[in-house]
Amino acid sequence: MTKVLTDARSIRIKGRSFLAVMLSPDLPFDDWLVRLDDLAARSAGFFLGRPVVLDVSDLEIDRAQLKGLVAELAQRNVSIMGIEGCRPSLLGPGMPPALKGGRPVSDFEVPQQEPIIDVRTKPAVVEARPALQSIVIREPIRSGQSLIFPEGDVTVIGSVASGSEIIAGGSVHVYGTLRGRAMAGSVGNTSARIFCRKLEAELVAIDGIYKMAEDIAPNLRGQAVQLWLEGDSIKAEKLT
């Protein structure tokens with residue numbers, strides 16, 4: 001019996017890009033997981049609901065080690081959406097898919113006028129679009145809000161509350177008190193910096209290198225500060 005389809009319906013397929021956190025573990029994994037636990041303990045909710053890609057490029061590991069690492073991350077509520085830099089033979093049933101072709105954002109389109117993003121009535125996550133070199137936020141970033149702008153610099157004319165975060169592909173400028181989390185250079189920009197009028201941050205990060213509140217020198221707390229990256233460490237100094 002031949003079945004004739006008389007109600008053909010199209011399937012809509014769209015392309016869409018998302019900003020994901022890239023985790024690049026080191027060997028031995030046990031030591032690296034201890035450092036990851038330290039970050040998670042001191043910055044509650046850092047990975048909650050955040051897409052994560054696991055980069056295992058240049059690591060000499062077998063399938064059992066990779067599977068064990070993914071399981072350890074799952075126990076920590078870190079959901080891996082894909083794995084980059086691994087041989088196909090390392091993946092199998094129940095493992096995240098292989099990803100390739102990820103790259104930092106490097107091409108910018110400058111619009112005719114600067115956009116103003118109002119965060120007062122936005123939901124918990126605010127994503128800035130389209131691709132620009134910089135954006136200016138004219139309202140404070142309130143607790144629970146995330147401002148994600150991988151295409152360039154973020155300037156906040158106001159304060160960033162505790163429990164909120166800014167993730168920028170370029171530098172972060174806060175003309176107020178920085179109490180939440182500020183992550184600059186999120187797409188591999190090692191020259192990105194963080195500037196704020198008053199430093200009370202829970203966490204600062206540049207190109208994946210982070211510094212927690214208790215790691216910041218006491219004489220910098222409450223001061224106008226700039227932070228930058230030198231090698232694998234974050235440096236800071238007062239602004240005069």
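Just above, that's the structure.
What you see is a predicted model, and the numbers here were worked out from it, not measured in a lab. (Residues numbered from 1 in each chain as written. Predicted model: local features only at pLDDT ≥ 70, side-chain atom pairs only at ≥ 80, totals over all residues. Heavy atoms only, no water.)

A. Representation of the overall build of the protein. When its secondary structure is counted, the protein shows two helices and 16 strands. Considering the protein as a whole, with its 240 residues, one finds that 39% of them fall into the buried category. Partitioning the intrachain contacts of the protein with sequence separation of at least 6 by distance along the chain shows that 33% fall at a separation of at least 24. (Helix = DSSP H or I, 4+ residues; strand = E, 2+ residues; numbered from the N terminus. Buried < 20%, exposed > 50% of the residue type's maximum accessible area, 1.4 Å probe, protein only. Contact = heavy atoms within 4.5 Å.)

B. Local environment of the pattern of salt bridges. Under the defined criterion, the tally for this structure stands at six salt bridges. Between Glu72 and Arg76 there is a salt bridge, and its shortest N-O distance comes to 2.9 Å. For Arg76, a relative accessible area of 27% gives the class partly exposed. Taking the shortest distance from any N to any O, the salt bridge between Glu200 and Arg221 comes out at 3.5 Å. Note that Glu200 is positioned in the loop between strand E12 (194-199) and strand E13 (203-206) and Arg221 in the loop between strand E14 (209-212) and strand E15 (225-230), a separation of 21 residues in sequence. (Salt bridge = Lys/Arg side-chain N within 4 Å of Asp/Glu carboxyl O.)

C. Broad picture of the pairing of strand E2 (residues 52-55). Of the two faces of E2, the one lined by Val52 and Leu54 and the one lined by Val53 and Asp55 are each fully buried. Sheet topology note: the strand E1 (residues 21-23)/E2 ladder contains three bridges and is parallel. Paired with Leu23 across the strands is Leu54, a residue of E2. For the segment spanning E2, helix H2 (residues 63-75) and strand E3 (residues 80-84), crossover handedness is right-handed. (Pairing = 2+ DSSP bridges. Right-handed = clockwise from strand over helix to strand, strands pointing away.)

D. Representation of the side chain of Ser146. The residue Ser146 is located in strand E7 (residues 146-149) in this model. Note on Ser146: relative accessible area 13%, which makes it buried. Separated by 2.9 Å, the side chains of Ser146 and Glu165 make a polar contact. (Polar contact = N/O pair within 3.5 Å; in protein donor to acceptor, adjacent residues only side chain to side chain.)

E. Inspection of the sheet that holds strand E16 (residues 233-238) at higher detail. The six strands are arranged E6-E8-E10-E12-E15-E16 in an open sheet whose pairing can be described as mixed. Here the strands that pair on one side only, and so sit at the sheet edges, are strand E6 (134-137) and E16. Strand-to-strand, the axes of this sheet are offset by a mean angle of 20 degrees, without reference to chain direction. Here five bridges tie strand E10 (residues 172-178) to E12, and the two strands are oriented parallel to one another. The residue bridging Thr177 from the neighbouring strand is Lys198, located in E12. (Axes fitted to C-alpha atoms, helices over the stretch in contact; angles between N-to-C directions.)

F. Just H2, in detail. For H2, which comprises 13 residues, the first-to-last C-alpha distance of 18 Å matches the rise-based estimate of 18 Å (1.5 Å per residue) to within 8%. Turning to H2, its buried residues number three or more, namely Leu66, Leu69, Val70 and Leu73. Considered in projection along H2, the buried side chains sweep an arc of 95 degrees and stay on one side of the axis. With respect to the buried face of H2, the exposed residues turned more than 90 degrees away are Ala64, Lys67 and Gln75. Here H2 starts with a cap whose side-chain oxygen sits 3.2 Å from the backbone nitrogen of Ala64, and that cap is Asp62. Following H2 by one or two positions, Asn77 has its phi on the positive side, about 60 degrees. (Expected span 1.5 Å × (residues − 1). Arc of directions from axis to C-beta.)

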